[in-house]
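Secondary and tertiary structure notes
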Amino acid sequence: NWMEAVSASVMQAGRWYHVAGTYDRATIRIYIDGVEVANKAVSGVLTASSFPLCIGRGTYATSRSFDGMIDQVGLWSRALSASEIQQLCQ
C-alpha cells in the first residue's frame, strides 16, 4: 500500500531547506527546517518494494522529478525524534 503525509508548505526557489520524513509504525511525519509541518496516522510494518529507491523523482512516475539540487541524503533504520532532526538542521 502507498501512504503519505502531505505538507501545505510551499518552498521558495533559490533557498536551501532541510527536509526530513519519519515513520515509527504509528505516524508518518514531515519536517521542514526542523519543524513538523505534516503528519498522518498510519499503522503497519514497512515491507520491501520491487521498485528501486529513487530520491528526487517518482519511482514509477518518472515525469515527476525534483527541479533543484539535493545534498547530504541520509537514511536511518529507525524514526529519528523531533530533537534529533532539529540537531541535523544546525
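The structure we're discussing is the one just above.
In short, a report on the structure. Computed from a predicted model, the values in this text were never measured in an experiment.

Quick notes on the overall build of the chain
For the chain, the count of helices and strands is one helix and three strands. For the chain, the succession of helices and strands along the chain, N to C, is β-β-β-α. Projected onto its principal axes, the C-alpha positions of the chain cover 35 × 35 × 25 Å. Residues counted as buried form 18% of the 90 residues belonging to the chain. Considering only contacts in the chain between residues 6 or more positions apart, those separated by 24 or more positions represent 34%. Roughly 7,400 Å² of accessible area belongs to the chain as shown, and the carbon and sulfur atoms make up 51% of that amount. With 7 positive and 7 negative side-chain charges, the chain shows a separation of 6 Å between the mean positions of the two kinds.

Remarks on the packing of aromatic side chains
The description of an aromatic ring pair uses the distance of the two centres, along with the angle that the planes make with each other. Inspection of every chain in the model, using the stated rule, returns zero aromatic pairs. We note arginine 15 situated over the ring of tyrosine 17; from NZ or CZ to the ring centre the distance is 4.3 Å.

Regarding the sheet that holds strand 2 (residues 27–32)
Strand order across the open sheet formed by three strands is 1-2-3, with antiparallel pairing between neighbours. Each edge of the open sheet is held by one strand with a lone partner, namely strand 1 (19–23) and strand 3 (35–41). Put simply, the sheet's adjacent strands are angled 15° from each other on average, direction ignored. Of the pairings in the sheet, the one linking strand 2 to strand 3 comprises six bridges and is antiparallel in character. Bridging from a neighbouring strand, threonine 27 pairs with alanine 41 of strand 3.

A closer look at the pattern of salt bridges
For the coordinates displayed, the defined rule picks out three salt bridges. For arginine 29, the salt bridge goes to glutamate 36, with nearest N and O atoms at 3.3 Å. Arginine 78 is the partner of glutamate 84 in a salt bridge, and the nearest nitrogen-oxygen pair spans 2.8 Å. With a relative accessible area of 26%, glutamate 84 lands in the partly exposed category.

Criteria and cut-off values
- Residues numbered from 1 in each chain as written.
- Predicted model: local features only at pLDDT ≥ 70, side-chain atom pairs only at ≥ 80, totals over all residues.
- Heavy atoms only, no water.
- Helix = DSSP H or I, 4+ residues; strand = E, 2+ residues; numbered from the N terminus.
- Buried < 20%, exposed > 50% of the residue type's maximum accessible area, 1.4 Å probe, protein only.
- Contact = heavy atoms within 4.5 Å.
- Areas by Shrake-Rupley, 256 points an atom, 1.4 Å probe, with all protein chains shown as cover.
- Lys, Arg positive; Asp, Glu negative; His and termini not counted.
- Charge placed at Lys NZ, Arg CZ, Asp CG, Glu CD.
- Phe/Tyr/Trp six-rings, centres within 6.5 Å; stacked < 30°, edge-to-face > 60°.
- Lys NZ or Arg CZ within 6 Å of the ring centre and 35° of its normal.
- Pairing = 2+ DSSP bridges.
- Axes fitted to C-alpha atoms, helices over the stretch in contact; angles between N-to-C directions.
- Salt bridge = Lys/Arg side-chain N within 4 Å of Asp/Glu carboxyl O.

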